[in-house]
Amino acid sequence: LGRFSLGLLLLAAAVLLLALGQRAGGLRAALTRVLTPLQQFVAQQTLPLRQPGSSGAPAPVLTQVAELQERVSSLQGEVTRLRESESQRLLLAQLLKLARSNPEYSYLAAQVIGRDVSPYLQYVLVDRGRADGLLPDMPVLAADGLVGIVTEATASAAKVLLITDPTLVVNVRVQRSRVEGQLRGSGPGLLRLDFLPMEAQLEAGDQLVTSGIGGKFPPNLQAGTITSVRRRDYDVFQEADVQSAINFSNLELVLIITNFTPLDLAPLLATPAPATP
């Protein structure tokens, strides 16, 4: 019997069993004993047809399945590409908003292409360099505030020292109280605000901006938020812990201010030599 004929036979037997019902229990049981092995045989014969990936599937079915799988893979890749493009678009839109809010500066967008893996130094590498007009001491921003400063540059890349590095000092101002202090890194991803007068009224949630004191950074750039304050009676100054709004470990795009010239105040701050009598 062919597969089709076997299928018809099984169908007819099933109808017969339903018709017999409870009235012919012995005959029904006998038919069941005979048909059960037959059902199993037919199932084994038709299994390759129900499993297109098996070697018994017809060639057209296998071809169609392969084409569909290839199409699915292509669509998944397209979805991933579109999601990445959307993320990049959102980041660029945020940077554009930042640039428009400070139109007095000229900016150059750069992508992060390398990170420091040491717990002692905090820097990133970007894909812009001297050929693009980058020079050391140029401030670097992200959509959420100050990132750091350019310290070295080659023709096509540059190193940006992050504000979380302990060697970089940023003069800042507390927006609410107008108190000034010095912001510096105190560990990977951590910031501390020092040299705050004991009488200054500070509290968690106070926003910090660059003060422009010292001439190293432009004023009024977002620098972080105070998370806690420490006042001890035996100290001369109070200090505070600060959280930047920037996730430095996931930094992707930055803006570099290219038309800001740091001021060299060292000659003006030097102690003059006493006059010789």
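Look up a bit, the structure's there.
Everything numeric in this text was worked out from a predicted model, so none of it was measured. (Residues numbered from 1 in each chain as written. Predicted model: local features only at pLDDT ≥ 70, side-chain atom pairs only at ≥ 80, totals over all residues. Heavy atoms only, no water.)

**Notes on the overall build of the protein**
Point 1. Along its length, the protein carries 4 helices and 12 strands.
Point 2. Across the 277 residues that make up the protein, the buried fraction comes to 32%.
Point 3. Counting contacts in the protein only where the partners sit at least 6 residues apart, residues at least 24 apart contribute 55% of the total. (Helix = DSSP H or I, 4+ residues; strand = E, 2+ residues; numbered from the N terminus. Buried < 20%, exposed > 50% of the residue type's maximum accessible area, 1.4 Å probe, protein only. Contact = heavy atoms within 4.5 Å.)

**What about the packing of aromatic side chains?**
Point 1. Under the counting rule described, the total for this entry stands at 1 aromatic pair.
Point 2. Taking 5.4 Å as the distance between ring centres and 80 degrees as the angle between the ring planes, the aromatic pair formed by Phe195 and Phe237 counts as edge-to-face. Of the two residues, Phe195 sits in strand E8 (residues 190–197) while Phe237 sits in strand E11 (residues 237–243), which places them 42 residues apart along the sequence.
Point 3. With relative accessibility at 45%, the residue Phe195 sits in the partly exposed group.
Point 4. Taking the ring centre of Tyr123 as reference, the NZ or CZ of Lys159 above it sits at 4.4 Å. (Phe/Tyr/Trp six-rings, centres within 6.5 Å; stacked < 30°, edge-to-face > 60°. Lys NZ or Arg CZ within 6 Å of the ring centre and 35° of its normal.)

**Regarding the pattern of salt bridges**
Point 1. Summed over the entire model, instances satisfying the criterion amount to 9 salt bridges.
Point 2. In this structure, Arg128 engages Asp132 in a salt bridge whose closest nitrogen and oxygen atoms are separated by 3.4 Å. (Salt bridge = Lys/Arg side-chain N within 4 Å of Asp/Glu carboxyl O.)

**Considering the sheet that holds strand E7 (residues 180–187)**
Consider a sheet: its strands pair through backbone hydrogen bonds, and that pairing is either parallel or antiparallel.
Point 1. The strand order around the closed barrel built from 6 strands is E6-E7-E8-E11-E10-E9, with neighbouring strands paired in antiparallel fashion. Between one strand axis and the next, the sheet turns through 45 degrees on average, direction left out of account. (Pairing = 2+ DSSP bridges. Axes fitted to C-alpha atoms, helices over the stretch in contact; angles between N-to-C directions.)

**Looking at the pairing of strand E12 (residues 253–257)**
Point 1. The element E12 is largely enclosed, with a buried count of 5 among its 5 residues.
Point 2. Two elements, strand E1 (residues 107–115) and E12, share 5 bridges in a ladder whose sense is antiparallel. Residue pairing for E12: Tyr107 is matched across the bridge by Ile257.
Point 3. Across 2 bridges, the pairing between strand E3 (residues 139–142) and E12 is antiparallel. Its bridge partner lying in E12, Val140 is registered against Ile256.

**Some remarks on the layout of surface pockets**
Point 1. Space inside the largest pocket adds up to approximately 230 Å³.
Point 2. Lining the largest pocket are 13 residues, with Leu91, Gln94, Ala142, Asp144 and Leu251 sitting closest to its centre.
Point 3. Tallying contributions element by element places helix H3 (residues 59–101) first for the lining of the largest pocket, with 3 residues.
Point 4. Considered class by class, the residues forming the lining of the largest pocket number 8 nonpolar, 3 polar and 2 charged. (1 Å grid on protein atoms, 1.4 Å probe; cavity = no way out; pocket = protein on both sides within 12 Å on 5 of 7 lines; lining within 4 Å. Points joined across faces, edges and corners; volume = space filled by probe spheres on them. Nonpolar A, V, L, I, M, F, W, Y, C, P; charged D, E, K, R; others polar.)

**Let's talk about a nonpolar patch on the surface**
Point 1. A contiguous nonpolar patch, built from Phe195, Val236 and Phe237 and spanning about 310 Å² of accessible area, is present on the exposed surface.
Point 2. Given the relative accessible area of 39%, Phe237 is considered partly exposed. (Patch = residues over 30% accessible without salt bridge, like charges linked within 9 Å, V, L, I, M, F, W, Y side chains within 5 Å. Areas by Shrake-Rupley, 256 points an atom, 1.4 Å probe, with all protein chains shown as cover.)

**Topic: the nonpolar core**
Point 1. If you look at the biggest cluster of nonpolar residues, it comprises 51 residues, and the most contacted ones within it are Val147, Leu183, Leu193, Leu208, Val254 and Ile256.
Point 2. Not counting residues within four places of it along the chain, the set of residues in contact with Leu183 comprises Leu168, Val169, Val170, Val172, Leu191, Arg192, Leu193, Leu208, Ala223 and Val242. (Core = buried A, V, L, I, M, F, W, Y, C linked by side-chain atoms within 4.5 Å.)

**Thoughts on the sheet that holds E12**
Point 1. If you trace the 6 strands once around the closed barrel, you get E1-E2-E5-E4-E3-E12, paired in antiparallel fashion. Within the sheet, the average angular offset between the axes of one strand and its neighbour, ignoring direction, is 45 degrees.
Point 2. Note that strand E4 (residues 145–153) and strand E5 (residues 158–162) share 5 bridges and pair antiparallel. Directly across from Ile149, in E5, lies its bridge partner Leu161.

**Thoughts on the side chain of Glu239**
Point 1. Within the secondary structure layout, Glu239 lies in strand E11.
Point 2. Within polar-contact distance, the side chain of Glu239 engages the side chain of Arg230 at 2.8 Å. (Polar contact = N/O pair within 3.5 Å; in protein donor to acceptor, adjacent residues only side chain to side chain.)

**Here we look at unusual backbone geometry**
Point 1. The backbone of Asp137 shows a phi angle near 80 degrees, a positive value even though the residue is not glycine.
Point 2. With respect to the helices and strands, Asp137 occurs in the loop between strand E2 (123–126) and E3.
Point 3. Notably, Phe195 is not glycine yet its phi reads approximately 60 degrees, a positive angle.

Everything listed is a geometric property; what it means functionally is a separate question.
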